[in-house]
Amino acid sequence: MLKLTPGINQAVAGLAEEVQPVPLANPTLLGWSEPMATTLGLGECSESLLRQLNGEGPFPLAPTAQVYSGHQFGGYTPRLGDGRGCHLGELNGWELFLKGSGPTPYSRGGDGRAVIRSAVREFLASEALHHLGIATSRALAVLASDTPVFREQPERGAITVRVTPSHLRFGHFEYFRHSQQPKQLQALLDYALGRYFPRCRQQQDPVAALFLEVTGRTAETIADWQAAGFAHGVLNSDNMSLLGETFDYGPFAFMDRCDPGFVCNHSDHYGRYAFDQQPGIGWWNLQRLALALSDHLDSEVMTLALELYQNRLTARYLWRMETRLGLEGDGDLQPRLDRIAGLVGMMQRSGVDYHTTLRLFARLDPQREGGELQARLGADGSWQPWWQQYQQALSFGGLEAWQQGRAAANPAVVLRTHLAQQAIEAAERNDAGPLMELHRALCHPYDDHPETPHYTEDPPSWASSITLSCSS
């Protein structure tokens, strides 16, 4: 049984309403994250715990749903909120949220449900990004059921148990600002400063310090996405975490073929949230947060924030990519950025897979010819000058240690869309084996996994036909 304690929803008036979860029919445990369970101090999922995670209770606190607003595809929606889930409270400092537990006052006519495909994708992605070292909300479990849910076709209801230190979004601050509730906005700021940003609270201007801290965290997370080839898909301001975590997974994807203009969301008709647009959108969303906090911020802070965002984004991206390539991490910025852009450009023009190509650096002897890497990229006219510049910029000791370093920086396994789809299709047949096998591999992404070679190979040709949308 969960020993839950009160948190922000009980402390900040007007942030949340009490709700009654609607349990799924005949729930079964599809997936269970042992690493997350250990962090929470839990063992295996007992029958009583399964009932709690299904929204049946008993609960020491009344479940709640939060209200927020946000900019969706550039347009402001004044009232959103937790439309298909509820907060249970805190467990050892972590907030527990049941995503798919039924309608709330913020469902806007929806059924408040998640389906197996979306629940499985969030469960896998949350743990996959965590084990890649990327800031993210986590997932404890995913439940399946016999509850019918109607989307484009009849599906089955599911619940993802999301876990994070805080569900605070940019949209929470937008809601209280634009609905003219200054007291609630101040109470939310006070709680955030005291609970999540105590060092900022000690500064001369605590809110400015908080905004700059959020700016830096956001920049680093987005830089991590760019280095990892990850596209979020729906970077609305209400999907932006105040902690800088990857949050609210929907039509996300790791790109397969190297394509900076990659759009993973079939609903994103104009490419607003394309892979290469994410850094700019991150700053745009920070400006929306700044507007919500504008009574506390001035133009000088915004100038500092923009400089901080650009510098932190660039430094983090360079660190990630130079570690992947085994390059010296010093010198003028522009030549270093050009070196990485040169490689990405060759990968794009050659139409090669982003992940397996970078993994080749773990088998490369950079003091000799380019080997398998040259076999993939050598036909590009830029290869030879790029290779010569690369060799000159190397950080190289012994070959074995160098290759081990590249293997520890270039994952062999990422959550490709087709791998998730295969796990989903098995789960829909009540077979959780492929899901948990993939989950275990994603928890060790830098290992080779010879027992499951299809995890580490280029995707099959049919993978490109899978479409994702906001209902994914």
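Everything here concerns the structure above.
Described below are features of the structure shown in this document. (Residues numbered from 1 in each chain as written. Predicted model: local features only at pLDDT ≥ 70, side-chain atom pairs only at ≥ 80, totals over all residues. Heavy atoms only, no water.)

### Comments concerning the pattern of salt bridges
Logical step 1: The tally for this structure, following the rule as stated, stands at 26 salt bridges.
Logical step 2: Note that Arg-195 and Glu-90 form a salt bridge whose closest N and O atoms lie 2.8 Å from each other. Here the residue Arg-195 occupies a position in helix H6 (residues 182–195), and Glu-90 occupies one in strand E6 (residues 85–91), the gap between them amounting to 105 residues.
Logical step 3: By relative accessible area, which is 33% here, Arg-195 ends up partly exposed. (Salt bridge = Lys/Arg side-chain N within 4 Å of Asp/Glu carboxyl O. Helix = DSSP H or I, 4+ residues; strand = E, 2+ residues; numbered from the N terminus. Buried < 20%, exposed > 50% of the residue type's maximum accessible area, 1.4 Å probe, protein only.)

### Brief notes about the nonpolar core
Logical step 1: Membership of the largest hydrophobic core comes to 141 residues, with the highest contact counts inside it found for Leu-53, Leu-124, Leu-140, Phe-173, Phe-361, Tyr-390 and Leu-415.
Logical step 2: Element by element, the count of residues in this core is highest for helix H8 (residues 206–228), at 12 residues.
Logical step 3: If we skip the residues at most four places from it in the chain, Phe-361 touches Arg-324, Leu-325, Leu-343, Leu-373, Trp-386, Tyr-390, Trp-402, Arg-406 and Asn-410. (Core = buried A, V, L, I, M, F, W, Y, C linked by side-chain atoms within 4.5 Å. Contact = heavy atoms within 4.5 Å.)

### Some words on the environment of Gly-229
Logical step 1: Structurally, Gly-229 can be placed in the loop between H8 and strand E11 (230–231).
Logical step 2: In sequence terms Gly-229 and Asp-276 are 47 residues apart; their C-alpha atoms lie 9.8 Å from each other.
Logical step 3: Those residues within four positions of Gly-229 in sequence are excluded, and the remaining contacts are Ala-253, Phe-254, Met-255, Phe-275, Tyr-354 and His-355.

### Details of the packing of helix H4 (residues 116–131) against helix H17 (residues 433–442)
Logical step 1: For the pair H4 and H17, the least separation of the axes is 9 Å and the interaxial angle reads 20 degrees. In this view, H4 runs roughly parallel relative to H17, as classed from their interaxial angle. As H4 packs across H17, the resulting crossing turns out to be right-handed. Contacts from Val-120, Phe-123, Leu-124, Glu-127, Ala-128 and His-131 in H4 reach Leu-435, Met-436, Leu-438, His-439 and Leu-442 in H17.
Logical step 2: Classifying every residue of the contact of H4 with H17 by side-chain character gives eight nonpolar, two polar and one charged. (Axes fitted to C-alpha atoms, helices over the stretch in contact; angles between N-to-C directions. Parallel < 35°, antiparallel > 145°, perpendicular 65-115°, else oblique. Left-handed = near helix turned anticlockwise from the far one by under 90°. Nonpolar A, V, L, I, M, F, W, Y, C, P; charged D, E, K, R; others polar.)

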